[in-house]
Amino acid sequence: MAERTHKTIESGAPDPMPYMHPVMRKNYGKWVFHSHPKPGVLYHRAESGDEIWTVKAGTQRQMDHYTIRKLADIADQYGDGYVRFTARSNIEFMVADQAKVEPLIKALQDNGFPVGGTANSVSMIAHTQGWLHCDIPGTDASGVVKALMDELYDEFVKCEMPNRVKLSTSCCEINCGGQADIAIIVQHTKPPKINHDLVANVCERPAVVARCPVAAIRPALVNGKPSLEVDERKCVCCGACYPPCPPMQINDPEHSKIAIWVGGKNSNARSRPTFHKLVAAGLPNNPPRWPEVAEVVKKILAVYKADGRPWERMSDWIDRIGWPAFFEKTGLPFTKYHIDNWRGARNSLNASTHIRF
Amino acid sequence: MAKQMHHTPNLDELESGPWPSFVTGLKRLAQENDMMVDLLGQLETSYKNRFGYWKGGTVGVIGYGAGVIPRFTELKDESGKPLFPEAAEFHTLRVQPPAGMHYTSDLLRQLCDAWLETGGSGLIAFHGQSGDIMFQGIKAENVQAAFDRLNQMGFDLGGAGPALRTSMSCVGAARCEMSCYDEARALRTVINNNLDDMHRPSLPYKFKFKFSGCPNDCVNSIQRSDMAIIGTWRDNIRVNEQIARDWMAAHSMEDLINMVVNHCPTKAIQLKKNDGAPAGEGVSRVAVSDEHCIEIDNHNCVRCMHCLNVMPGALLPGKDKGVTILVGGKGVLKIGATMGTVIVPFMKLESDEDFEKLNDLARNVLDFFAENALEHERTGEMIERIGLVNFLEGIGLEVDPNMVIHPRTNPYVRTDGWDEEAEKWFERKRAAA
């Protein structure tokens, strides 16, 4: 190998100014108005009177360089050469000339990029790495998202929901996809299967014991070898032991199921931010298109769309109608698993006679 | 080159449908890259067996202890030979994007070129959940060259492991009237002054900062970061009567009541007759028509953003802007998800000194975390274990009623220092007066 001549520059996060649209740079911190002319398009006006239009499009997030170059070419030919990505992997093209908006939309659509994801639409699903690149995944990420966004395509390109809808998927219970109006998360249903031949060599046993949220793991001698054992009556099948100790295999093609959670919201608008709540579990991990998951997600979205009032996020809507009505309207079963028994659980019980009939 | 493609019936199913297909992209890359041929083989195996086949390891660049995510295949035959040898190593480089994720078309092409010309697969994710550009698929032998090339372009690796992590800020001041501070500057101040903790992981566990320009919190700082810096303001909501009238003309009284007034969480908005009466102290008043105006009681407004979101431009954040800082947000492991909670109700973030103060606070919190958290314990869990008051005393912040939803509901506390503590409160009140 040739001798390395470059000396690392610990430069950190780059300055965005050289890559920012000149109108945005000029009016930095001086915006006074925005509107939403149509799905996928935002209009912003600055104090100076300067205007900028943004066209938002969905991407597959994991992009081959041909796709990225295609987006760059579209930015040059139909836009002003400036783009940015959102936290949900949508791409935004900014143009200073309104006349560029429609040709830009057409170019994106002609090349297979859906234009939408603004305001009260269902935005792109925040997702993780899954089978493509994660070392502990219970399912895939990009595939689940592709399959679901195919189903939710119309809701991305239209804006017909009561308020914005943010979805996430996570391929294990660590939930890297994050809180969302609807979150799709792997839920293991069996304790880890332990390969006792490997534990002593691979795992730092006290660290693994310490990871367990319910203290179900203890050191043990198994077949004369130092290993770990799990009290399966206490185990909550969370998989926390698996990353630090891969011989404690938690993933199972049959028993790693998928759960659906609703009502997470990070915005402070109206109510305080909320965590999503479990509404459905036991759905099969069924590649390549996870139809059972799509069915439940679509059912919840349809009820919310029909019943939610303007500007109510999923959590606002459920707050108004109450959880019994949520289960009634969606047809989802309410089970003993919905009642929390983790720390702080009593705070989620109904300590009142507030009951809707 | 041009290795025979594997049979991928499951993945092929993901090429149909209207949403852009990552599988089609992987196949395009496989036309000229054997690593991607075998990557497709491994991924198809996962789809068929419903099982993941990557394990971690140790791969890095000189001088750094983090930023590369190593992946080695676990799909091997009985003699230990990889079933998909070209993708037996499929490492990722996490690279910090420009704050706010702005790119020129040329920069996107240059990133693609740099990746391809140094042995990368051609696959890039914009972006990972922490906000990194993820350059996915490279062999260990090429990692240093790929990093050097990106580093020469002005890019640096991101965080991984028990370290300061790559950060995110919203579009903010670049294109949003809700922005209450310079998010990109704040991000670069805090992150770039603490890079040692990113590149050489030695914290108890990960630590994330996130920067949102207003309480809409578009980068989800309150749930996804150990220290959330969220823009807000102290003075009255600004109003623009013309835009308010335009809004009303395009809507109706029903909309005003149902979509604006009724959704105010603290009932701070009232519909009033437009009788020309002046707005009282702390009140924002704006006519929406010749007959009606709305009045907002700013002292009772919690800056939730709802009415500003519904009537953009008609209602705007005040001029006395700054940030609220919350600490302790995190995901599930180990104690369950925790939300960030207030440790600084308001601080200005405008002058050089203000930014320095933010940086000092960030460093102070990082140091306290480094010294006091247990191994694999996040900041939120540490605060749960030691109590907020111990944390505040540790970093030298005073208690404030904005830090709680309500005072304690149990008597299990020693209060023999009551008089001294009460005097501190009065002392602070006098100092502030």
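Residues numbered from 1 in each chain as written. Chains lettered and ligands numbered in written order. Predicted model: local features only at pLDDT ≥ 70, side-chain atom pairs only at ≥ 80, totals over all residues. Heavy atoms only, no water.

## Things to note about the overall build of chain B
Helices and strands together make up the secondary structure of chain B, namely 15 helices and 17 strands. A buried classification covers 58% of the 433 residues belonging to chain B. Long-range contacts, defined as pairs at least 24 residues apart, comprise 64% of the intrachain contacts of chain B with a sequence gap of at least 6. (Helix = DSSP H or I, 4+ residues; strand = E, 2+ residues; numbered from the N terminus. Buried < 20%, exposed > 50% of the residue type's maximum accessible area, 1.4 Å probe, protein only. Contact = heavy atoms within 4.5 Å.)

## Points about the interface of chain A and chain B
Counting from both sides, the interface comprises 114 residues of chain A and, opposite them, 116 residues of chain B. Contact between chain A and chain B buries roughly 10100 Å² in total, counting both sides, with carbon and sulfur atoms accounting for 58%. Applying the counting criterion to the chain A and chain B interface returns nine salt bridges. For B:Arg200, the salt bridge goes to A:Glu10, with nearest N and O atoms at 2.9 Å. In terms of residue count, helix α2 (residues 65–78) of chain A provides more of the side of chain A that touches chain B than any other element does, nine residues in total. (Buried area = accessible area lost by both parts, 1.4 Å probe. Salt bridge = Lys/Arg side-chain N within 4 Å of Asp/Glu carboxyl O.)

## Structural notes on unusual backbone geometry
The amide bond that connects A:Pro287 to the next residue, A:Pro288, takes the cis arrangement and shows omega of 5 degrees. Within the secondary structure, A:Pro288 sits in the loop between β14 (277–283) and α7 (291–307). B:Phe126 connects to B:His127 through a cis peptide bond whose omega is 0 degrees. Here B:His127 shows up in the loop between β6 (123–126) and β7 (133–136). Look at A:Ala119: it is not a glycine, yet its phi comes out positive at around 45 degrees. Mapped onto the elements, A:Ala119 comes out in the loop between α3 (101–110) and α4 (142–157). Among the residues examined, A:Ala119 registers a relative accessible area of 23% and is labelled partly exposed. At A:Trp290, a residue that is not glycine, the phi angle is positive and equals roughly 45 degrees.

## Examining the state of the cysteines
Residues and elements named next belong to chain A. Going through the model one piece at a time under the given rule, you end up with one disulfide over all chains. A disulfide bridge connects cysteine 203 with cysteine 245, and the sulfur atoms are separated by 2.1 Å. Linking cysteine 203 and cysteine 245, the disulfide has an S-S dihedral of approximately 75 degrees and is accordingly described as right-handed. Of this pair, cysteine 203 sits in the loop between α5 (199–202) and α6 (205–211) while cysteine 245 sits in the loop between β11 (225–230) and β12 (248–249); the two residues are 42 residues apart in sequence, bridging distant segments of the chain. Of the two residues, cysteine 203 and cysteine 245, both sit in the buried class. (Disulfide = S-S within 2.5 Å.)

## Some thoughts on α7(A)
Given 3.6 residues to a turn, an α-helix orients residues that are three or four positions apart in the same direction. For α7(A), with 17 residues, the first-to-last C-alpha span of 24 Å sits near the 24 Å given by 1.5 Å per residue. Where α7(A) is concerned, the buried positions are A:Val293, A:Ala294, A:Val296, A:Val297, A:Ile300, A:Leu301, A:Val303 and A:Tyr304. (Expected span 1.5 Å × (residues − 1).)

## Notes on empty space enclosed by the protein
Evaluated as defined, the whole model comprises eight cavities of 30 Å³ or more. Volume-wise, the largest cavity comes out at about 110 Å³. Forming the walls of the largest cavity are 15 residues, and the residues nearest its centre are B:Cys264, B:Pro265, B:Cys301, B:Cys304 and B:Cys307. Residues of the lining of the largest cavity, tallied by class, amount to 12 nonpolar, two polar and one charged. If you go around the second largest cavity, you meet 14 residues; those closest to its centre are A:Cys212, A:Ile217, A:Cys235, A:Cys238 and A:Cys241. (1 Å grid on protein atoms, 1.4 Å probe; cavity = no way out; pocket = protein on both sides within 12 Å on 5 of 7 lines; lining within 4 Å. Points joined across faces, edges and corners; volume = space filled by probe spheres on them. Nonpolar A, V, L, I, M, F, W, Y, C, P; charged D, E, K, R; others polar.)

## Let's talk about the sheet that holds β6(B)
Reading across from one edge, β4(A)-β6(B)-β7(B)-β4(B)-β2(B) is the order of the five strands in this open sheet, with antiparallel pairing throughout. Each end of this open sheet is capped by a strand with a single partner; those strands are β4 (62–64) of chain A together with β2 (68–69) of chain B. Together, β2, β4 (92–95) and β7 of chain B form the strand contacts of helix α5 (residues 140–152) of chain B, whose direction differs from that of β4(B) by roughly 20 degrees. (Pairing = 2+ DSSP bridges. Axes fitted to C-alpha atoms, helices over the stretch in contact; angles between N-to-C directions.)

## Re the nonpolar core
A:Leu108, B:Leu93, B:Tyr103, B:Phe126 and B:Met311 are the most contacted members of the largest nonpolar core, which has 84 residues in total. When residues of this core are assigned to their parent elements, the largest contribution, six residues, is made by helix α4 (residues 105–117) of chain B. In this structure, B:Phe126 is in contact with A:Arg61, A:Met63, A:Ile68, A:Phe85, A:Ser89, B:Tyr103, B:Leu108, B:Leu111 and B:Ile133, ignoring residues within four places of it in sequence. Ranked by size, the runner-up nonpolar core spans 59 residues in total, among them A:Ile182, A:Val297, A:Val303 and B:Phe90. (Core = buried A, V, L, I, M, F, W, Y, C linked by side-chain atoms within 4.5 Å.)

## Quick word on the pattern of salt bridges
A full pass over the atoms with the stated rule returns 55 salt bridges over all chains. The salt bridge involving A:Glu92 is made with A:Arg84; its shortest N-O contact spans 2.9 Å. A:Glu160 is paired through a salt bridge with A:Lys305; the nearest N and O atoms lie 3.1 Å apart. Of this pair, A:Glu160 sits in the loop between α4 and β7 (167–170) while A:Lys305 sits in helix α7; the two residues are 145 residues apart in sequence, bridging distant segments of the chain. Using a relative accessible area of 41% as the deciding quantity, one classes A:Glu160 as partly exposed. Since its relative accessible area comes to 28%, A:Lys305 is described here as partly exposed. Each of A:Lys56, A:Arg84, A:Glu92 and B:Arg175 takes part in a single network of salt bridges with overlapping partners.

## A few points about the side chain of B:Asp226
Residue and element names in this part refer to chain B. Topologically, aspartate 226 is positioned in the loop between α8 (221–224) and β10 (227–233). Polar contacts involving the side chain of aspartate 226 include one to the main-chain amide nitrogen of lysine 208, which spans 2.7 Å. The contacts of aspartate 226, once residues within four sequence positions are left out, are Lys206, Phe207, Lys208, Leu326, Val327, Gly328, Gly329, Arg378 and Thr379. (Polar contact = N/O pair within 3.5 Å; in protein donor to acceptor, adjacent residues only side chain to side chain.)

## What about the packing of α2(A) against α3(A)?
Residues and elements named next belong to chain A. Contact geometry for α2 and α3: axes closest at 10 Å, N-to-C directions at 155 degrees. Overall, the two elements α2 and α3 adopt an arrangement that is roughly antiparallel. Seen along the crossing, α2 lies across α3 with a hand that is right-handed. Counting all contacts with α2, which are made through Leu71, Ile74 and Tyr78, the residues of α3 involved are Pro103, Leu104, Ala107 and Leu108. Class assignment for the residues of the contact of α2 with α3 results in seven nonpolar, no polar and no charged. (Parallel < 35°, antiparallel > 145°, perpendicular 65-115°, else oblique. Left-handed = near helix turned anticlockwise from the far one by under 90°.)

## Remarks on the pairing of strand β13 (residues 283–287) of chain B
Residue and element names in this part refer to chain B. Burial analysis of β13 places five of its five residues in the buried class, which makes it a mostly covered element. Burial of β13 is two-sided: the residues Val283, Arg285 and Ala287 facing one way and the residues Ser284 and Val286 facing the other way are all buried. In terms of strand pairing, β13 meets strand β14 (residues 292–297) through five bridges, oriented antiparallel. If you follow alanine 287 over to β14, its bridge partner there is cysteine 293.

## Re the pairing of strand β6 (residues 91–95) of chain A
In summary, the side chains of a regular strand alternate between the two faces of the sheet. All names here are of chain A. For β6, the buried fraction is high: five of the five residues fall into the buried class. Residues Ile91, Phe93 and Val95 of β6 are buried on one face, and the alternating residues Glu92 and Met94, pointing to the opposite face, are buried as well. Alignment of strand β3 (residues 51–57) against β6, held across five bridges, turns out to be antiparallel. Bridge pairing in β6 links alanine 57 to isoleucine 91. Pairing geometry for strand β5 (residues 82–85) and β6, over three bridges, is antiparallel. Note that in β6 the partner of phenylalanine 85 across the bridge is isoleucine 91. Where β5 hands over to β6, the hairpin turn is made up of five residues, of which serine 89 adopts a positive phi near 65 degrees.

So yeah, pure geometry; function would need other evidence.
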